[in-house]
Amino acid sequence: MASLTSARRIVVKIGSALLVDRQTGALRSDWLKTLAEDVAWLKGLGKDVVLVSSGSIALGRGVLGLPRTELALEQSQAAAAVGQIRLARAYEEVLAPHGITTAQVLVTLEDSADRPRYLNSRATLAQLITLSVVPIVNENDTVATDEIRFGDNDRLAAQIAVTVGADQLILLSDVDGFYTANPSQDATATRFEVIDEITPEIEAMAGDAGSGLSKGGMKTKLMAAKTATTAGCAMAITEGSALNPLRALENGAQATWFTAQTDPQIARKRWIAAIKPRGTITLDAGAVQALLSGKSLLPAGVTAVTGTFGRGDAVAISDANGHTLGHGLARYTSEEAKRIRGLKSQDIEAVLGYPARAALIHRDDMAL
């Protein structure tokens, strides 16, 4: 069984049914305070923590007095707009006493499909984590359409786990794991302790039903597990309504763990290496040595740029003799790269006319 204390970076998904009282529609403040204690405990151990939180629509529904039946799209979006500000404030209030700064990050599943938007969100999350901030991520339900009707934060949490290179994803849910059948309908259903491979037989066991406040059923959790484990991130499903749910998981609370198929960094490097490059960036000897020692690629070491590529596209990296060193994801377009090649970082803004990133290719976006 995996241990939270062995992880480097952890993404925790919190379901609506855990945050919001089903009867009153009010925030479960006492529970949230203990979750904050758990986050502070992990941060104290040197772990990076990202929270993916449902709850904005459920909170807004209660404030606006909307019915507990299925809401129209515009009602859901209005509820999200009202609830999101309360959700963000609640997290800030429970984490601040522990000296933890929070940030609100609103995304949609589409953001992971659009390359520039993906790179922007990845860079922002990486910077927040570097600054020891705990990002509070949620779907931007006020503008989303399909995400509200069919979307769920289980899959979003898996996408965020991949984006930030997490090695563990914890789904705090209203169920304590993955079962052979729906345990509320089948008395013979048994829970899996560990799932090493998601087979067609495992997929056939997943049901659709979610709780009264949440959208995600077991099928969406299985989809999240596929995304996470393929990218090198282990995933756990556990019942999270008890106080201090993360400590409870660490102390042996019932859960199902899905085994990571590889290391997250190795998985990312393999993905980058497999992408067909759209251009080539040639380096001088000093830049080659810097890359081989684990540094990012700065424009100062670039001697030539060929091909046509956009920001986020893969490019080949070669030395002066034309030997390919590897592949990387460019942080500039080919036209921009040509204009700034050979320049020191502090001179980039004067040439391009706007502030830009120091690295042409960041070391995390390289497969040498």
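My aim in this report is to walk through the structure given alongside it, one point at a time. (Residues numbered from 1 in each chain as written. Predicted model: local features only at pLDDT ≥ 70, side-chain atom pairs only at ≥ 80, totals over all residues. Heavy atoms only, no water.)

## Concerning the overall build of the protein
Consideration 1: Tallying secondary structure elements over the protein gives 14 helices and 13 strands in all.
Consideration 2: Overall size of the protein, expressed as C-alpha extent along the three principal axes, is 70 × 40 × 40 Å.
Consideration 3: Split into buried and exposed, the 368 residues of the protein put 50% on the buried side.
Consideration 4: Contacts in the protein between residues at least 24 apart in sequence constitute 73% of all its contacts with a sequence separation of at least 6.
Consideration 5: In the structure as shown, the protein presents an accessible area of about 16500 Å², 50% of it carried by carbon and sulfur atoms.
Consideration 6: Averaging the coordinates of the 37 positive side-chain charges in the protein and doing the same for the 40 negative ones gives two points 5 Å apart. (Helix = DSSP H or I, 4+ residues; strand = E, 2+ residues; numbered from the N terminus. Buried < 20%, exposed > 50% of the residue type's maximum accessible area, 1.4 Å probe, protein only. Contact = heavy atoms within 4.5 Å. Areas by Shrake-Rupley, 256 points an atom, 1.4 Å probe, with all protein chains shown as cover. Lys, Arg positive; Asp, Glu negative; His and termini not counted. Charge placed at Lys NZ, Arg CZ, Asp CG, Glu CD.)

## Points about the nonpolar core
Consideration 1: Ile 14, Leu 51, Tyr 91, Ile 170 and Leu 172 are the most contacted members of the largest nonpolar core, which totals 36 residues.
Consideration 2: When residues of this core are assigned to their parent elements, the largest contribution, eight residues, is made by helix H2 (residues 29–44).
Consideration 3: Residues contacting Tyr 91, with those up to four places away along its chain left out, are Ile 14, Leu 19, Leu 32, Leu 35, Leu 51, Ser 53, Thr 102 and Ile 136.
Consideration 4: Counting 34 residues, the second largest nonpolar core, distinct from the first, contains Ala 158, Val 164, Met 235 and Phe 258. (Core = buried A, V, L, I, M, F, W, Y, C linked by side-chain atoms within 4.5 Å.)

## A word on the pattern of salt bridges
Consideration 1: Evaluation of the coordinates by the stated rule reveals eleven salt bridges.
Consideration 2: Here Arg 22 makes a salt bridge to Asp 174, at a shortest N to O gap of 3.4 Å. Of this pair, Arg 22 sits in the loop between helix H1 (16–19) and H2 while Asp 174 sits in the loop between strand S5 (168–173) and strand S6 (194–195), placing them 152 residues apart in sequence.
Consideration 3: Classification of Arg 22 as partly exposed rests on a relative accessible area of 37%.
Consideration 4: Under the relative-accessibility criterion, Asp 174 is labelled partly exposed at 32%.
Consideration 5: In this structure, the salt-bridge partner of Lys 338 is Glu 335, at a minimum N-O distance of 3.8 Å. (Salt bridge = Lys/Arg side-chain N within 4 Å of Asp/Glu carboxyl O.)

## Description of the packing of helix H5 (residues 115–130) against helix H7 (residues 153–164)
A pair of packed helices can be characterised by two numbers: the angle between their axes and the separation between those axes.
Consideration 1: Between H5 and H7, the shortest axis-to-axis distance is 9 Å and the interhelical angle comes to 70 degrees. It follows from the interaxial angle that H5 and H7 lie roughly perpendicular. Touching Tyr 118, Arg 122, Leu 125 and Ile 129 of H5 are Ile 160, Thr 163 and Val 164, all from H7.
Consideration 2: A per-class count over the contact of H5 with H7 returns five nonpolar, one polar and one charged. (Axes fitted to C-alpha atoms, helices over the stretch in contact; angles between N-to-C directions. Parallel < 35°, antiparallel > 145°, perpendicular 65-115°, else oblique. Nonpolar A, V, L, I, M, F, W, Y, C, P; charged D, E, K, R; others polar.)

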